[in-house]
Amino acid sequence: MKITNEIKDSTIIITLDGELDASSSVILDEELSNPEIMKFSKILVNCENLHYISSAGLGVFISHLQRFEDAQIKLIFFNMQDKVRNVFEILGLDLLMTIVSNYEEAMTIADE
Amino acid sequence: MNNSIRVNCSKKNLKLIRDFVMEHLLTLQLTDIQMNQIVLAVDEICANLIIHSNHEDPTKHISLAISEQRGIVRFEITDRGMAFKRAEYKEPDLQEHVRVGKKGGVGLALVNRIMDKVEFKSMGDKNTCLLYKKIK
């Protein structure tokens, strides 16, 4: 799993590249636990190259969701592959999290 | 093609297991989503066995065997760690998980929703998990 960040004003775009399983999800957890991330009002997660997610990866997002919501930070996923989105849908997480088609849509929602 | 694999209890081996499952399912002409779901279900069970039943002890092992009969794929996963107590299992309340920031506890819910049948058996110190998925 490779994670890269891009900062645009009050938005941080986190790009995930690889597979998020019980072994690799630790890296994502460290990234989202970084206190610096709370400075942003929008966290956009680019999932274009996220090829796989297991419950461990989902668990990392679940565990930070309330913290971000409490701080009024918007967490938005975009460019998610159908097979990865399906994993969110099996648990109904697509109803608790914001998943949109592309970057433009993510930016529009983030600015609402 | 060999239909079984044995790995030691390290999380790093989960990728090896997923690749093994995928390789065996390739001939079944599954959609991307079907393939991913089945690989995920096996990965979740193996991760639970490695992490919770065997505490990531690299001297311990788990084995996976795959077979197919009459349109049903069967996965047999065995280990000699702590047996899973299904009677104590509760389906997760996701909203509660979000509220308290809980990281784990949703893997088996995925497995139960993906697979057609999930069984856990223990005999002596050997534990077996059987997963069945109808594919035709």
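- Per an unreviewed UniProt entry, chain B carries the name ATP-binding protein and comes from Pontibacter qinzhouensis.

- As annotated in an unreviewed UniProt entry, chain A carries the name Anti-sigma factor antagonist and comes from Pontibacter qinzhouensis.

### Thoughts on unusual backbone geometry
Consideration 1: For D9(A), which is not glycine, the phi dihedral falls at a positive 55°.
Consideration 2: For D9(A), the location among the structural elements is in the loop between β1 (2–8) and β2 (11–20).
Consideration 3: Judged by the 8 C-beta atoms lying within 10 Å of it, D9(A) is exposed.
Consideration 4: The phi dihedral of H55(B) falls on the positive side, at around 50°, and the residue is not glycine.
Consideration 5: Relative to the assigned elements, H55(B) resides in the loop between α2 (32–53) and β2 (61–69).

### A closer look at the UniProt feature "domain: Histidine kinase/HSP90-like ATPase" (unreviewed entry) in chain B
Consideration 1: If you check UniProt for "domain: Histidine kinase/HSP90-like ATPase" (unreviewed entry), the listed places come out as residues 12–130 of chain B in our numbering.
Consideration 2: Taken end to end, residues 12–130 of chain B is 41% helix and 24% strand, and its first and last C-alpha atoms sit 23 Å apart.

### What about the sheet that holds strand β3 (residues 42–53) of chain A?
Residues and elements named next belong to chain A.
Consideration 1: Spatial strand order, β1-β2-β3-β4-β5: five strands in an open sheet with mixed pairing. If you trace the sheet from one side to the other, it starts and ends with β1 and β5 (98–100), each paired once. Geometrically, the sheet is characterised by an average inter-axis angle of 25° between neighbouring strands, direction not taken into account.
Consideration 2: Of the pairings in the sheet, the one linking β2 to β3 comprises nine bridges and is parallel in character. Note that in β3 the partner of T15 across the bridge is N46.
Consideration 3: On top of the sheet, helix α2 (residues 55–70) reaches β2, β3 and β4 (74–78); it is set at about 170° to β3, its chief contact.
Consideration 4: Most of the contacts of helix α4 (residues 103–110) go to β4, to which it runs at about 165°, and overall it touches β2, β3, β4 and β5.

### Side note on the interface of chain A and chain B
Accessible area lost upon the coming together of the parts serves often as the stated size of an interface.
Consideration 1: Counting from both sides, the interface comprises 23 residues of chain A and, opposite them, 25 residues of chain B.
Consideration 2: When contributions to the side of chain A that touches chain B are tallied by element, the ones reaching two or more residues are α2 and α3 (82–91) of chain A.
Consideration 3: Among the elements that line the side of chain A that touches chain B, the one with the most residues is α2(A), at ten residues.
Consideration 4: Tallied by class, residues from the side of chain A that touches chain B come to eleven nonpolar, eight polar and four charged.

### Concerning the sheet that holds strand β1 (residues 4–8) of chain B
Residue and element names in this part refer to chain B.
Consideration 1: Ordered by their spatial adjacency, five strands build an open sheet running β1-β2-β3-β5-β4, and the pairing between neighbours is antiparallel. At either end of the open sheet lies a strand with only one pairing partner, and these are β1 and β4 (117–123). Here the strands of the sheet are splayed against their neighbours by 15° on average, with no regard to which way each runs.
Consideration 2: Here β2 pairs with strand β3 (residues 72–79) via eight bridges, running antiparallel. Considered in β3, the bridge of I62 is made with D79.
Consideration 3: Contacts from α2 reach β2, β3 and β5 (126–134) within the one sheet, and its direction differs from that of β3 by about 10°.

Criteria and cut-off values
By convention here, each chain's residues receive numbers from 1 onward along its written sequence. Naming scheme: in the order in which they are written, chains are lettered from A and ligands are numbered from 1. Local features in a predicted model are, by the rule used here, given only for residues with pLDDT of at least 70; side-chain atom pairs are given and counted only at 80 or more, and totals for whole chains, interfaces and linings are based on all residues. Labels follow the DSSP assignment, with helices taken as runs of H or I lasting at least four residues and strands as runs of E lasting at least two, numbered in each case from the N terminus. Any residue surrounded by 20 or more other C-beta atoms within 10 Å of its C-beta is treated as buried, while 12 or fewer makes it exposed and the intermediate range makes it partly exposed; C-beta atoms here are placed from the backbone. UniProt positions are given in the numbering used here, feature names are shortened, and annotations may be inferred rather than shown by experiment. A pair of strands is labelled paired if DSSP reports no fewer than 2 bridges between them. For helices, the axis comes from a line fit to the C-alpha atoms of the stretch in contact; other axes are also lines fit to C-alpha atoms, and the angle between any two N-to-C directions lies between 0 and 180 degrees. Here contacts are defined at the residue level, using C-beta atoms placed from the backbone and a cut-off of 7 Å between them. Under this grouping Gly is polar, as are all residues other than the nonpolar Ala, Val, Leu, Ile, Met, Phe, Trp, Tyr, Cys and Pro and the charged Asp, Glu, Lys and Arg.

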